[in-house]
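If you want the building blocks of each chain, they are given just below.
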Amino acid sequence: MLELRPILSALWRHKVSALLIALQLGLTLAVISNAAVIVQERIQQVTRPTGVAVADIVTAHIAPVAKDYDLLQAFRLDLAMIRALPEVVAATVSRAPLTGSGSSSGVQAEPNREVGATPAAIFMVDEHFIDALGMQLVAGRTFAAEEIGEASETTSWRSNTVIITQQLADKFFANTQALGKAIYFSGEDNPMEVVGIVARNLGPWPNSTRAGNAIFLPILMDTQKHDFIVRAAPGQRDGLVKLLEEKLAERDSERVITVKTLEEQKNRYYAGDNTLITMLSGVVGLLTFIVALGIIGLTVFWVAQRQKQIGVRRALGANRSTICRYFLLENLMIATTGISFGVAAAQIFNHFLVSAFNQPPLPPATVASCALALVLISLVAALIPSLRAANISPATVTRSL
Amino acid sequence: MLKMHKVRKSFRTDTIETHALRDFNLEVKEGEFIAVTGPSGSGKTTFLNIAGLLEAHSGGQYLLDGDDVSGLNDRQRSRLRNEKIGFIFQGFNLIPDLNLFDNIDVPLRYRGFKASERRRRIDKVLQQVGLAARAKYLPSQLSGGQQQRIAIARALAGEPRFLLADEPTGNLDSLMARQVMELLELVNDWGTTIVMVTHDPDLARRAERNIQIVDGQVADLEYHANPAALSA
Amino acid sequence: MFGYYIALALRSLRTTPILSALMVAAIAVGVGAAMTTLTLNYMMSRNALAHKDDVLYAMQLDNWAPDRGWQSPNEMPWEINYKDAISLLHSDIPTYQVAMHRWGGPLSREDSELRPYSAEARVTSRDFFALFDVPFIYGGSWSSDADSNPVYQIVLSQQTNEKLFNGENSVGRTVNFNGAPFTVVGVTEYWQPSPKVHDLNNGNFKKSAEVFLPFGLHRSFEIYSWGNTNGWKGEVIDSYETHLGSEYVWIQYWVQLDSAQQLEDYRDYLTGFIRQQKAQGRFPRPLKFGLSRPSQWLQLNEVVEDDDYMLNWLSLAFLLVCLVNAVALLLAKFLRKASEAGVRRALGANRRAIFTQHLVESGCIGLAGGLVGIFLTTATLALMRQLQMGALDSVAAMDWLMMSAAIGLAILSSLLAGLYPAWRISRTNPSIYLKTQ
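Residues numbered from 1 in each chain as written. Chains lettered and ligands numbered in written order. Predicted model: local features only at pLDDT ≥ 70, side-chain atom pairs only at ≥ 80, totals over all residues.

A. Focus on the overall build of chain A. For chain A, the helix and strand inventory stands at 11 helices and 12 strands. Taking 21 Å as the expected radius of gyration for a compact globule of 401 residues, we find that chain A reaches 32 Å, considerably beyond that expectation. Dimensions of chain A along its principal axes, counting C-alpha atoms only, are 100 × 50 × 35 Å. Going through the 401 residues of chain A one by one, you find that 43% of them count as buried. Partitioning the intrachain contacts of chain A with sequence separation of at least 6 by distance along the chain shows that 83% fall at a separation of at least 24. (Helix = DSSP H or I, 4+ residues; strand = E, 2+ residues; numbered from the N terminus. Rg over C-alpha atoms; globule rule 2.2 N^0.38 Å. Buried ≥ 20, exposed ≤ 12 C-beta atoms within 10 Å, placed from the backbone. Contact = placed C-beta atoms within 7 Å.)

B. Local environment of the overall build of chain B. Looking only at helices and strands, one finds eight helices and 10 strands in chain B. Expected size for 232 residues packed as a compact globule is a radius of gyration near 17 Å; at 18 Å, chain B falls within 12% of this value. Each principal axis of the C-alpha atoms in chain B carries an extent, and together these give about 50 × 40 × 35 Å. When burial is assessed residue by residue, chain B has 46% of its 232 residues classed as buried. Once local pairs closer than 6 in sequence are excluded, the contacts in chain B between residues at least 24 apart make up 71%.

C. A look at the environment of C:Ser362. Residue and element names in this part refer to chain C. In this fold, Ser362 is placed in helix H12 (residues 351-387). By the C-beta count within 10 Å, which is 27 here, Ser362 ends up buried. With 43 residues separating them along the chain, Ser362 and Ala405 place their C-alpha atoms 18 Å apart. When near neighbours in sequence (up to four residues on either side) are disregarded, Ser362 contacts Leu330, Ser414, Leu415, Ala417, Gly418 and Ala422.

D. Up close: the pairing of strand E9 (residues 211-214) of chain C. Residues and elements named next belong to chain C. Alternating positions in E9 separate into two faces, Val211 and Leu213 on one and Phe212 and Pro214 on the other, with burial throughout. Taken together, the four bridges between strand E4 (residues 117-124) and E9 define a ladder with parallel strand orientation. If you follow Thr124 over to E9, its bridge partner there is Pro214. Pairing geometry for strand E6 (residues 153-156) and E9, over two bridges, is antiparallel. What sits directly across from Leu156, in E9, is Val211. (Pairing = 2+ DSSP bridges.)

E. Looking closely at the nonpolar core. Counting residues in each nonpolar core, the largest one holds 246 residues, and the members touching the most others are A:Val31, C:Ile154, C:Val211 and C:Phe318. In this view, C:Ile154 contacts C:Val175, C:Phe177, C:Phe182, C:Val184, C:Val185, C:Val211, C:Phe212 and C:Leu213; residues no more than four positions away in its chain are not counted. One finds A:Ala53, A:Val195, A:Phe228 and A:Tyr269 within the second-largest nonpolar core, a separate group that totals 61 residues. (Core = buried A, V, L, I, M, F, W, Y, C linked by C-beta atoms within 7 Å.)

F. Structural detail: the interface of chain B and chain C. Across the contact, 22 residues belong to chain B and 18 residues belong to chain C. Among the secondary structure elements, those contributing two or more residues to the side of chain B that touches chain C are helix H1 (44-51), helix H2 (74-84) and helix H3 (100-111) of chain B. A breakdown of the residues in the side of chain B that touches chain C according to their chemical character gives seven nonpolar, eight polar and seven charged. (Nonpolar A, V, L, I, M, F, W, Y, C, P; charged D, E, K, R; others polar.)

G. Focus on the domain arrangement of chain A. Assigned domains of chain A: these are domain 1 (4-47 + 271-396) and domain 2 (66-253). Computed over C-alpha atoms, the centres of domain 1 of chain A and domain 2 of chain A are 54 Å apart. (Domains from an automatic or database assignment.)

H. Fine view of the packing of helix H2 (residues 17-44) of chain C against H12(C). Residues and elements named next belong to chain C. Closest axis-to-axis distance for the H2/H12 pair is 7 Å, and the angle between their directions is 45 degrees. As the angle between them shows, H2 and H12 are arranged oblique. When the axes of H2 and H12 are compared, the crossing they make is right-handed. Between H2 and H12, the contacting residues are Ser20, Met23, Val24, Ile27, Ala28, Val29, Val31, Gly32, Met35, Thr36 and Thr39 on the first element and Ile365, Gly366, Ala368, Gly369, Gly370, Val372, Gly373, Leu376, Thr377, Thr380 and Leu381 on the second. The residue makeup of the contact of H2 with H12, split by class, is 12 nonpolar, 10 polar and no charged. (Axes fitted to C-alpha atoms, helices over the stretch in contact; angles between N-to-C directions. Parallel < 35°, antiparallel > 145°, perpendicular 65-115°, else oblique. Left-handed = near helix turned anticlockwise from the far one by under 90°.)

I. Representation of H1(B). Residue and element names in this part refer to chain B. Counting buried residues along H1, eight of its eight residues qualify, which places the element largely inside the surrounding structure. Here H1 has its buried residues at Lys44, Thr45, Thr46, Phe47, Leu48, Asn49, Ile50 and Ala51. Positive backbone phi, at 65 degrees, marks Leu53, one or two positions downstream of H1.

J. Inspection of the arrangement of the chains at higher detail. Of all two pairs of chains that touch, the greatest number of contacts is found between chains A and C. There is no contact between chain A and chain B; across them, the least C-alpha separation is 10 Å.

K. Representation of the interface of chain C and chain A. At the interface, 49 residues of chain C touch 49 residues of chain A. Residue assignment for the side of chain C that touches chain A shows that the elements contributing at least two residues are H2, strand E3 (96-109), E4, helix H7 (240-245), helix H10 (306-336) and H12 of chain C. When residues in the side of chain C that touches chain A are grouped by element, the largest group, 19 residues, is from H10(C). When grouped by side-chain class, the residues that make up the side of chain C that touches chain A number 32 nonpolar, 10 polar and seven charged.

L. Spatial organisation of unusual backbone geometry. Residue and element names in this part refer to chain C. Look at the link from Ser194 to Pro195: it is a cis peptide, with omega at 0 degrees. Here Pro195 lies in the loop between strand E8 (180-188) and E9. If you check the backbone angles, Asp133 has positive phi at about 60 degrees while not being a glycine. Checked against the element boundaries, Asp133 lands in the loop between helix H4 (128-131) and strand E5 (136-139). For Asp133, a count of 13 C-beta atoms within 10 Å puts it in the partly exposed group.

M. Here's a closer look at the environment of C:Phe136. Residue and element names in this part refer to chain C. Along the chain, the position of Phe136 falls in strand E5. Its 16 C-beta neighbours within 10 Å are what place Phe136 among the partly exposed residues. Residues Phe136 and Leu156 lie 20 residues apart in sequence; the distance between their C-alpha atoms is 9.7 Å. When neighbours within four sequence positions are excluded, Phe136 is seen to be in contact with Phe129, Gly186, Val187, Thr188 and Glu189.

N. Layout of the sheet that holds strand E5 (residues 67-68) of chain B. Residues and elements named next belong to chain B. Ordered in space as E2-E1-E4-E5, the four strands form an open sheet in which the pairing is antiparallel. Single-partner strands in this sheet number two, and they are strand E2 (17-28) and E5. Examined bridge by bridge, strand E4 (residues 59-64) and E5 share two bridges and lie antiparallel to one another. If you follow Leu63 over to E5, its bridge partner there is Asp68.

O. Structural view of the sheet that holds strand E2 (residues 88-94) of chain A. All names here are of chain A. Across the sheet, which stays open at both edges, the four strands sit in the order E2-E11-E1-E12 with antiparallel pairing between neighbours. Each edge of the sheet is formed by a strand with only one pairing partner; in this case those strands are E2 and strand E12 (255-261). Sheet twist, expressed as the mean angle between neighbouring strand axes with direction ignored, is 20 degrees. The pairing of E2 with strand E11 (residues 227-232) spans six bridges and is classified as antiparallel. What sits directly across from Val93, in E11, is Phe228. The strands touched by helix H6 (residues 237-251) are strand E1 (57-64), E11 and E12; relative to E12, the strand with the most contacts, the crossing angle is about 170 degrees.

P. How the structure looks around the pairing of strand E9 (residues 209-214) of chain B. Residue and element names in this part refer to chain B. The side-chain alternation of E9 yields one buried face, formed by Arg209, Ile211 and Ile213, and one unburied face, formed by Asn210, Gln212 and Val214. The sheet contact formed by strand E3 (residues 33-37) and E9 spans four bridges and is parallel. If you follow Thr37 over to E9, its bridge partner there is Gln212.

Q. Structural detail: the confidence of the model for chain B. Residue and element names in this part refer to chain B. Confidence in the prediction of chain B, expressed as mean pLDDT, is 87, and 94% of residues score 70 or more. Per-residue pLDDT, averaged within each element of chain B, yields its smallest value for helix H8 (residues 227-231) (44) and its largest for helix H4 (residues 115-129) (94). Note that residues 227-232 has pLDDT below 50 and, in this model, two contacts with residues that lie over four places away or in other chains. (pLDDT = per-residue confidence, 0-100.)

R. Local environment of the environment of B:Ile95. As for its placement among the helices and strands, B:Ile95 is situated in the loop between strand E6 (85-88) and H3. Under the C-beta neighbour-count criterion, B:Ile95 is labelled buried, with 21 such atoms within 10 Å. Sequence separation between B:Ile95 and B:Val125 is 30 residues, and the spatial gap between their C-alpha atoms is 18 Å. Apart from the residues within four sequence positions on either side, B:Ile95 is in contact with B:Asn103, B:Val106, C:Glu340 and C:Val343.

This is the structure:
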């Protein structure tokens with residue numbers, strides 16, 4: 001038994017209130033579907049695999065106080081000490097990925113070319129780096145100890161061998177085996193033979209377009225920019241932070257020592273994205289909540305206004321579910337109107353966000369699921385006062401005044 | 001005091017035009033106490049709304065205190081209502097959230113009196129209706145008769161020339177109704193003109209003059225000599 | 001009359017506490033969201049050099065690759081290289097000019113128990129303090145020969161002086177920086193522009209430098225910038241000297257040009273300089289340089305990011321929904337009390353009085369919403385500071401202007417929201433509410 005006509009005429013008498021609710025639902029759909037698609041994209045971005053064992057890695061930086069400090073010697077002695085610790089799985093000295101700072105350079109598959117270089121992050125590492133970073137070697141070999149050269153920022157150094165990421169290998173040598181091929185720094189003729197391929201490494205800047213292009217060179221570098229990268233045994237990481245501080249100070253107390261977890265540095269790098277995710281999720285949640293409250297408030301008001309009318313209907317034989325259905329149907333009609341307006345508004349809003357702020361386009365599936373969720377929420381919100389309406393006693397009529 | 005000449009009021013819905021009043025003629029003199037009776041739907045309430053400037057008439061002439069009110073805007077009408085007219089309703093229409101003092105205060109606020117003047121007037125009318133001790137009570141704490149006396153006090157506070165009462169005793173038992181009626185007669189004795197709509201013939205008989213409205217027109221004018229009025 | 005309306009509004013709000021709370025919450029949440037992003041955008045758009053905006057210029061030179069420009073809106077690198085900086089410092093056209101970059105190292109006091117700690121440093125030519133208007137508490141900048149010769153003099157920030165010398169006048173005392181003794185020549189007052197307009201390459205809202213060092217020290221310490229160093233061609237760097245002579249850009253350059261004539265002269269000077277370099281086979285791209293005022297520099301560097309603008313729009317949309325919500329609830333609330341309005345009309349209130357009374361009631365809801373909104377904004381900003389792990393500490397905070405803006409926005413929104421419901425209630429025919437049904 002569908003009583004659409006009386007609902008429609010009742011709605012017409014409350015057209016402004018009904019329109020306001022519909023408008024609210026529509027605008028909400030526009031906001032939350034756009035927020036949802038941005039959140040979705042950012043979560044994917046932030047949680048995608050990094051290629052390294054983020055959760056187990058600790059980095060340590062030493063800044064010597066003495067002016068003519070032998071940094072290379074310190075690296076060797078410190079590393080020997082660190083590797084001997086039982087909590088440590090592996091350690092190397094290099095720059096940690098995922099931190100937002102690092103170095104990169106243009107790389108080519110052919111010598112002496114300057115145009116069209118592929119930007120790639122550069123990591124200077126020793127033979128322990130794959131273990132220390134917890135990466136996965138998918139082809140070839142890692143560096144041998146005797147392959148590791150020594151250099152400083154002021155010496156000219158070039159390597160004959162290189163290890164690259166799968167992503168870079170695919171880019172340069174699509175469909176062919178990259179192992180044994182050579183790559184070159186842009187504009188140079190020194191061949192670097194690819195001896196190994198690691199599955200993945202997002203490099204220093206995971207949010208950049210060049211993330212995932214990385215090359216590893218077998219060089220122990222005399223630079224203060226390098227950190228010890230230490231992979232702890234499972235569950236040992238937090239203890240290792242303290243331990244490293246102590247042990248490094250113990251070996252030479254005249255240094256400024258900074259020990260951090262890689263996880264913290266990664267979180268710091270992604271702080272902007274994480275903030276956006278939290279804020280937008282908050283917006284979605286609160287907005288939905290506010291709209292639900294608004295619907296409850298208005299339905300309560302309508303029910304109160306029509307208390308007598310409901311009593312009359314009940315006295316004339318309408319049962320509880322009829323009354324309840326009446327209000328739910330009324331709400332459903334409002335919601336449908338609002339949602340159809342909202343679908344259009346969402347597209348317009350998205351168009352604006354895409355063109356002005358480089359946000360992702362809105363897929364129909366997201367709009368649809370947000371719309372469905374909103375309709376359900378509005379029905380639940382209407383259900384509460386509707387049930388109360390259904391409980392209005394038919395006796396209301398007789399004891400009026 | 002009040003003069004209506006060929007006043008017309010029609011309501012229009014999509015399909016039908018109904019005439020609530022047509023060629024309505026009435027003159028009320030200063031100091032009169034008039035009872036308006038008539039069957040349900042005859043136009044009594046419409047007459048009262050127009051007389052009280054709550055609704056505008058559609059045609060004809062309405063002179064209040066000698067001034068034609070036809071062309072007045074909302075501000076002017078509201079001002080006249082505030083200064084010259086007092087209302088008493090069947091349902092009392094006290095504002096439930098306000099205590100008695102504040103209820104009587106409402107028209108005085110719109111009049112723009114100073115606080116001291118408002119207080120003086122409120123105290124005075126509370127005395128007159130005999131409820132001075134209950135100024136801080138809420139309407140719900142009073143009996144129906146007391147509520148109606150407060151409503152009368154509120155109507156009187158602005159010292160109107162003209163009191164419009166719509167079934168003032170309709171919701172009251174007979175004892176209370178008599179008290180309210182006596183109060184109205186007292187007010188009339190002080191010089192206030194009263195027009196009272198009622199369907200109770202006993203009450204109507206106590207007025208100086210009775211008017212019957214039938215089908216939106218004054219049916220016949222029947223002068224009714226009130227002994228009390230004659231002796232005054 | 002206004003006082004009467006306020007009293008009526010408060011009474012009315014008290015009689016329907018739940019509905020009132022709902023409306024206050026709607027306004028508060030909307031204002032909270034809008035003010036959070038507005039505050040961030042406002043704080044991020046501040047210009048600490050606004051008072052010198054018409055005389056200061058950040059300089060850029062286009063020495064990039066022949067086939068491609070730098071990836072910035074004006075296709076020029078943010079920084080210049082060392083050898084160009086040294087050449088340009090010789091110009092006598094600008095009133096002041098600064099070549100500088102970020103550095104750092106362990107800092108300690110010789111005769112102190114304090115353990116050495118890693119200090120943020122700024123290596124700069126001596127005009128820095130005059131150009132950026134950094135006042136001194138004690139002493140002053142180093143002598144001008146320190147910009148070209150190794151002179152071991154240092155300027156401390158107020159906080160550093162506090163830490164090392166308990167705030168005493170430390171001019172003439174010695175500190176140890178990067179393993180070498182430096183003589184303190186000056187202590188600056190607290191100086192923390194936010195955003196750090198003078199240095200937008202190293203975190204826009206980070207702490208300013210803790211010590212300042214002369215520009216003539218590079219060779220003595222083989223200083224590499226702690227900021228970005230970028231190059232476009234494979235250059236063989238086999239000594240520090242080749243690093244200094246390379247095309248790598250890592251130096252920020254500012255000039256102060258007080259008159260239009262000076263600006264004109266300096267443009268000519270730069271044009272001449274680039275022509276001269278082109279003749280020597282450098283600067284392969286079309287002749288181009290940039291002189292941006294601080295306000296333009298902040299925009300060019302996109303200090304306020306797309307994400308911030310986007311959040312701003314989203315939060316305004318949020319506020320709009322909250323407003324529509326408030327309109328619906330206000331309408332419901334006012335209509336529920338339509339009979340009271342009817343009585344007031346009968347007692348002589350004109351439409352305007354009824355309208356004003358209800359608008360005042362909306363305004364009161366707005367005021368309450370604004371106060372709660374300030375609280376929400378403060379809480380959200382605190383959450384943001386935590387989520388941003390320190391990167392936004394200097395901007396995610398409300399000042400008095402933003403607090404009053406929050407109240408203003410709340411009252412304005414609630415008045416807007418109340419407009420229709422108040423109008424509607426003032427228009428209803430009183431007579432239908434007076435008759436007992």
